[in-house]
Amino acid sequence: MSNTEREPAEIVCGEQGGAPGVTVLVPRDVPLGGPRAMNVRRTLPSRERTLIGAWCFADHYGPDPVAESGGMVVTPHPHTGLATVSWLFTGEVEHRDSIGTVAMVRPGEVNLMTAGRGISHSEISTERTTVLHGVQLWLALPDARREMAPAFEHYAPEPVVGEGWSAAVFLGDLLGQPSPVRTQTPVLGAELSLDAGTTLRLDVDATYEHGLLVDQGVVTFAGQELKPAELGYLAPGCVELEITAHEDARLVLLGGPPFGEQLVMWWNFVGRSHDEVATYREQWQGQITRDGVVLEDSQEVAPGRFGVVVGDHTPPIPAPPLPNLRLKPRG
């Protein structure tokens, strides 16, 4: 999914020390698009936390009746320096990109698109979708891998089931269930479902920091109560995570070692400096316009850094203006 805010803020991320206990990140509502905007609840980045491992962006949306919201209609747009991770609870979205991928994402299946040096893609909910509900996540690519060729992987994990709980591990390794999806830095991503009254204890890597996003239900995470749409952050040092569900709950667990690099996020680009991001923006605008006007058919777009989304004839999304001040990396 694109970050389609009209005035995206500069987001500067770096290694951050964690305090003992769980920090609760409260979401902010962000409308994406025009009058029938799709609203999302954003917990990463936030004032309290900009990274959890390599996870740098978390949007949580739905359940949205498509007849009212218009569904997901995100036309071709660019990315650099990150990997997008799409995970649905309900609905169906068609993904197309400039390396020729045409793939669906459905509940219980993950799409991971690695932008590397540059890619463009579109995401459109299908006509069969009546309710859209899920999360859109981004992973920052480490400096050594951010100029790699773009790539795409799709995976449907086999659920792990226990008494009163189930888990689908879509990235990394948990509960003895490794995901084969290749990431450019160690990460963990899993959907957890717990029946009311269930306590789940998970063995985890002590070098990882973790985040628990609540989709539905109320839970206690490492002693801290979390309500729907909240994200609980826990610093490295734990070898076991304890989660207790007070109601039937659905959760998304994220993790990874502290990223340890500074980066600048702006719009759909992840870079390391203002000049890099400004160059990405200039290259995208130059690719999608003729005489200053955005081309109506994305197939007329010159390939450039970001390529052309195969089989998508909708107008590409122009980049918003850069802020007046230089984007500065901070840590």
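Residues numbered from 1 in each chain as written. Predicted model: local features only at pLDDT ≥ 70, side-chain atom pairs only at ≥ 80, totals over all residues. Heavy atoms only, no water.

1. Quick look at the pattern of salt bridges
Working step 1: All told, the structure shown has 14 salt bridges when counted by the stated rule.
Working step 2: For R96, the salt bridge is made with E94, and the minimal N-O distance between the two is 3.0 Å.
Working step 3: Among the salt bridges present, the one from R146 reaches E276, with a minimum N-O distance of 2.8 Å. On the criterion of sequence distance, the pair formed by R146 in the loop between β12 (131-140) and β13 (151-155) and E276 in helix α2 (residues 274-288) is long-range, its members being 130 residues apart.
Working step 4: E276 sits in the partly exposed class, given a relative accessible area of 22%.
Working step 5: One network of salt bridges, with partners in common, ties together E92, R106 and R128. (Salt bridge = Lys/Arg side-chain N within 4 Å of Asp/Glu carboxyl O. Helix = DSSP H or I, 4+ residues; strand = E, 2+ residues; numbered from the N terminus. Buried < 20%, exposed > 50% of the residue type's maximum accessible area, 1.4 Å probe, protein only.)

2. So, the pairing of strand β19 (residues 199-203)
Looking down a regular strand, the side chains alternate between one sheet face and the other.
Working step 1: Covered by surrounding structure in β19 are L200 and L202 only, the residues T199, R201 and D203 on the alternate face being uncovered.
Working step 2: Relative to strand β24 (residues 240-245), β19 runs antiparallel, the two sharing five bridges. By the bridge assignment, R201 is partnered in β24 with E242. (Pairing = 2+ DSSP bridges.)

3. Examining the pairing of strand β7 (residues 82-90)
Working step 1: With respect to burial, β7 is a largely interior element, eight of its nine residues being buried.
Working step 2: Pairing geometry for β7 and β12, over eight bridges, is antiparallel. Of the residues in β12, the one forming a bridge with L82 is A140.
Working step 3: In this structure, β7 lies alongside strand β10 (residues 110-114), joined through five bridges in antiparallel fashion. The residue of β10 that forms the bridge with W87 is V110.

4. Side note on the nonpolar core
Working step 1: Core analysis: the biggest nonpolar cluster contains 38 residues, and W55, V85, L139 and L171 have the highest contact counts within it.
Working step 2: For this core, the secondary structure elements donating two or more residues are β5 (55-65), β7, β10, β12, β15 (165-171), β23 (231-234), β25 (249-256) and β26 (263-266).
Working step 3: Look past the residues within four positions of L171 in its chain and what remains in contact with it is W55, V85, L112, L139, S179, V181, T183, V187, L188 and G189.
Working step 4: Y61, V66, L132 and V264 belong to the second-largest nonpolar core, a separate cluster that totals 27 residues. (Core = buried A, V, L, I, M, F, W, Y, C linked by side-chain atoms within 4.5 Å. Contact = heavy atoms within 4.5 Å.)

5. Side note on the sheet that holds strand β4 (residues 38-44)
Paired through their backbone hydrogen bonds, the strands of a sheet run either parallel or antiparallel.
Working step 1: As summarised here, the arrangement of the seven strands in space is β3-β4-β5-β12-β7-β10-β13, forming an open sheet in which the pairing is antiparallel. Only two strands of the sheet have a single partner each, and these edge strands are β3 (28-32) and β13. For this sheet, the mean angle separating the axes of adjacent strands, direction not counted, is 20°. (Axes fitted to C-alpha atoms, helices over the stretch in contact; angles between N-to-C directions.)

6. A short note on the sheet that holds strand β22 (residues 224-226)
Working step 1: Read across the sheet, four strands follow the order β19-β24-β21-β22 without closing on themselves; strand pairing throughout is antiparallel. The sheet terminates laterally at β19 and β22, the two strands that pair on one side only. Neighbour to neighbour, the strand axes of the sheet diverge by 25° on average, direction disregarded.
Working step 2: As paired strands, strand β21 (residues 219-221) and β22 are joined by three bridges and run antiparallel to one another. From the neighbouring strand, V219 faces β22, where its bridge partner is L226.

7. Some remarks on the environment of N324
Working step 1: Mapped onto the secondary structure, N324 falls in the segment after β29 (293-294).
Working step 2: On the accessibility criterion, N324 (85% relative accessible area) is exposed.
Working step 3: Once the C-alpha coordinates of N324 and H313 are considered, the two residues, 11 residues apart in sequence, prove to be 33 Å apart.

8. Quick notes on a negative patch on the surface
Working step 1: A surface patch of like charges, here negative, comprises D195, E225, E247 and D248.
Working step 2: Residue placement: D248 occurs in the loop between β24 and β25. (Patch = residues over 30% accessible without salt bridge, like charges linked within 9 Å, V, L, I, M, F, W, Y side chains within 5 Å. Areas by Shrake-Rupley, 256 points an atom, 1.4 Å probe, with all protein chains shown as cover. Lys, Arg positive; Asp, Glu negative; His and termini not counted. Charge placed at Lys NZ, Arg CZ, Asp CG, Glu CD.)

9. Notes on the environment of V66
Working step 1: Inspection of the secondary structure puts V66 in helix α1 (residues 66-69).
Working step 2: Along the chain, V66 and P78 lie 12 residues apart, while their C-alpha atoms are 25 Å from each other.

10. Some points on the side chain of D59
Working step 1: Mapped onto the elements of the fold, D59 is located in strand β5.
Working step 2: A relative accessible area of 0% means that D59 is categorised as buried.
Working step 3: A distance of 2.6 Å separates the side chain of D59 from the side chain of R42, its partner in a polar contact. (Polar contact = N/O pair within 3.5 Å; in protein donor to acceptor, adjacent residues only side chain to side chain.)

11. Overview of α2
Working step 1: For α2, which comprises 15 residues, the first-to-last C-alpha distance of 21 Å matches the rise-based estimate of 21 Å (1.5 Å per residue) to within 8%.
Working step 2: Every buried residue of α2 is listed here: H274, V277, A278, Y280, R281, W284, Q285, Q287 and I288.
Working step 3: Where α2 is buried, its residues meet β6 (73-79), β11 (119-125), β26, β27 (269-271), β28 (289-290) and β29. (Expected span 1.5 Å × (residues − 1).)

12. A look at unusual backbone geometry
Working step 1: At the junction of L44 and P45, the peptide bond is cis and its omega measures out at -5° in the coordinates.
Working step 2: Note that P45 resides in the loop between β4 and β5.
Working step 3: Of note in this structure, L175 is not a glycine but carries a positive phi near 55°.
Working step 4: At A222, a residue that is not glycine, the phi angle is positive and equals roughly 50°.
Working step 5: Note on placement: A222 falls in the loop between β21 and β22.

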